[in-house]
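For reference, the chains in residue letters:
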Amino acid sequence: MQELRVAIIGTGTISNRHMKVWGNIPQVKVVAAAEINEPKLKAWGERYHFNEKDLYTDFREMLKRDDIDAVDVCVHNNLHTPVSMYVMKAGYPCYSEKPMSASYFDSKLLYDCAKATGQKLAIQISSLYSAQTYIAKQVLNAGKLGNVYHARMATASHRRRNAVDRAALFSSPDFRDAYMAGHGQIVDLGIYHFGQMLYLLGLPELDSVLGKLHQGVEMPNEEWAKSHPMTVEDMGVGFATFKNGLSLELQEASAVNKDDHMDHHILGSKGGLYWGMTDDFGGDWSMGGGGGPMGGGGLPGPLQPQLYYRGQDEFGYDVTIDYHAYENQQDLKTYKPEMMQWFDNQLHWYNYLTGKLTDETRYNTPLIGLNVSLLTDGLVLSAEMGRAVTADEIKVNSKSLAIWKQETPWGVFDYDASL
Ligand SMILES: NC(=O)c1ccc[n+]([C@@H]2O[C@H](COP(=O)([O-])OP(=O)(O)OC[C@H]3O[C@@H](n4cnc5c(N)ncnc54)[C@H](O)[C@@H]3O)[C@@H](O)[C@H]2O)c1
């Protein structure tokens, strides 16, 4: 199998999980990393036994090397488009963290840049790499639902009250900062849920969106919370319609005064699909062992992926089928290792870069990400205008939220938005 030499930009929380997963793919060698925070970079380099010469505070210098095949971008949301565009224009295929970006405008730029440069772009949308997605697509493709007319994605999962504050304490405060993140849960976990749903529904053409954003839950009054003001919404709700007649209800929350909940379903004339808890954090392969998401830990018991079908059997009886998604995923991995690429996003990208997956067969995550951005920007625009908005209005009114001039300890990094 072909060796792939990867460079990482941004050595924050999520880069550690990327390192763990790259470690599972023997053909991938991470050869260099860049990070503007020098102490963080040094500690990271020591953790993974890097030579000092392979660690950079300016990623643009790193990209001048001649031994890099591909670049893994782990910076925060509003830098995804500027940094990933830079990477592709410098001649590298790019794997960018989610969300694709925080606005349709920025996602479209990134999408167009991949087309203009001819570089292979992938966005990390881990919910696609689950047995739930794989099985649900098979069931839909087989026509088991008949005419699909309505779907719902409603989630406040893995994130109970004040979870974004926990992120400020234990992970990155950038999650609660509009300048860095663009938006809150609608883009943070929204990409996972809306991305999975839009993919399953066949990326239908959006017609209109009615939405509302809230900063509903009272935030703590403690010093750490005050020093990182929460400037993003904690909940987005909405209702979307599509040109093919489909309707979709949306709710995405990072903090609610109730238990975690999830109600994802797809309704058709002959049957319905509905979800149990889902694996939001990453391909299960990356999750072996205990611990939390950034350590690459296992899912807590109640969060095992589940998928159910309700319809009629061949005798005309009402039945409910439990697809035992988690168990089937484990079995497929064990007995059909070639299936592994559908359950691990980084392996999927490796196989795409090395030709085992093609533009036709891979998960087209840039296109899925673009469709998600149109939907989430619809929630934003509709909330601003106080009425439902059309897809055309969203496209015309969408603005860049990206950071095109980044202040760093090493001077201003000036990014170029031209294609
Ligand atoms: N933390 C998680 O659990 C998690 C899970 C999935 C996806 N993500 C996504 O990953 C991205 C990063 O999240 P994180 O939690 O790792 O954030 P983080 O703040 O811990 O890490 C981002 C790092 O990028 C560095 N950086 C910023 N600009 C840079 C530049 N120009 N060059 C080099 N380095 C630069 C920052 O200094 C920081 O160390 C976000 O978009 C997030 O949505 C995070």
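None of these values were measured; they are calculated from a predicted model. (Residues numbered from 1 in each chain as written. Predicted model: local features only at pLDDT ≥ 70, side-chain atom pairs only at ≥ 80, totals over all residues. Heavy atoms only, no water.)

Participant: Explain the pattern of salt bridges residue by residue, including any values.
Facilitator: Any two side chains of opposite charge can pair, on the condition that their charged atoms come close. All chains considered together, the criterion is met by 16 salt bridges. Across the pair aspartate 263 and arginine 152 runs a salt bridge whose closest N-O atoms are separated by 2.7 Å. Taken as a pair, aspartate 263 in strand β11 (residues 261-268) and arginine 152 in strand β7 (residues 148-156) lie far apart in primary sequence, 111 residues in all. Via salt bridges that share partners, Glu3, Arg5, Lys53, Asp54, Arg65 and Asp67 belong to a single interconnected network. (Salt bridge = Lys/Arg side-chain N within 4 Å of Asp/Glu carboxyl O. Helix = DSSP H or I, 4+ residues; strand = E, 2+ residues; numbered from the N terminus.)

Participant: So what's going on with the pairing of strand β1 (residues 4-9)? Residues and values would help.
Facilitator: Summarising burial for β1: 5 of the 6 residues are buried, a large majority. Here β1 pairs with strand β2 (residues 28-34) via 6 bridges, running parallel. Looking across to β2, one finds that isoleucine 8 is bridged to alanine 33. Regarding topology, helix α1 (residues 13-23) serves as the crossover connection from β1 to the parallel β2, and that connection is right-handed. In this sheet, strand β4 (residues 70-73) lies alongside β1 in parallel orientation, the contact comprising 4 bridges. By the bridge assignment, valine 6 is partnered in β4 with alanine 70. (Buried < 20%, exposed > 50% of the residue type's maximum accessible area, 1.4 Å probe, protein only. Pairing = 2+ DSSP bridges. Right-handed = clockwise from strand over helix to strand, strands pointing away.)

Participant: Describe unusual backbone geometry, and please don't skip the residues or the numbers.
Facilitator: The general pattern is negative phi for most residues beyond glycine and trans for most peptide bonds. Following lysine 98, the chain continues to proline 99 via a peptide bond in cis, the omega torsion being -10 degrees. Take proline 99: it is sitting in the loop between β5 (94-96) and α5 (104-117). Phi at leucine 203 is positive, roughly 45 degrees, even though this residue is not glycine. Mapped onto the elements of the fold, leucine 203 is located in the loop between α10 (190-200) and β8 (206-214). Residue leucine 203 is classed as partly exposed on the basis of its relative accessible area of 24%.

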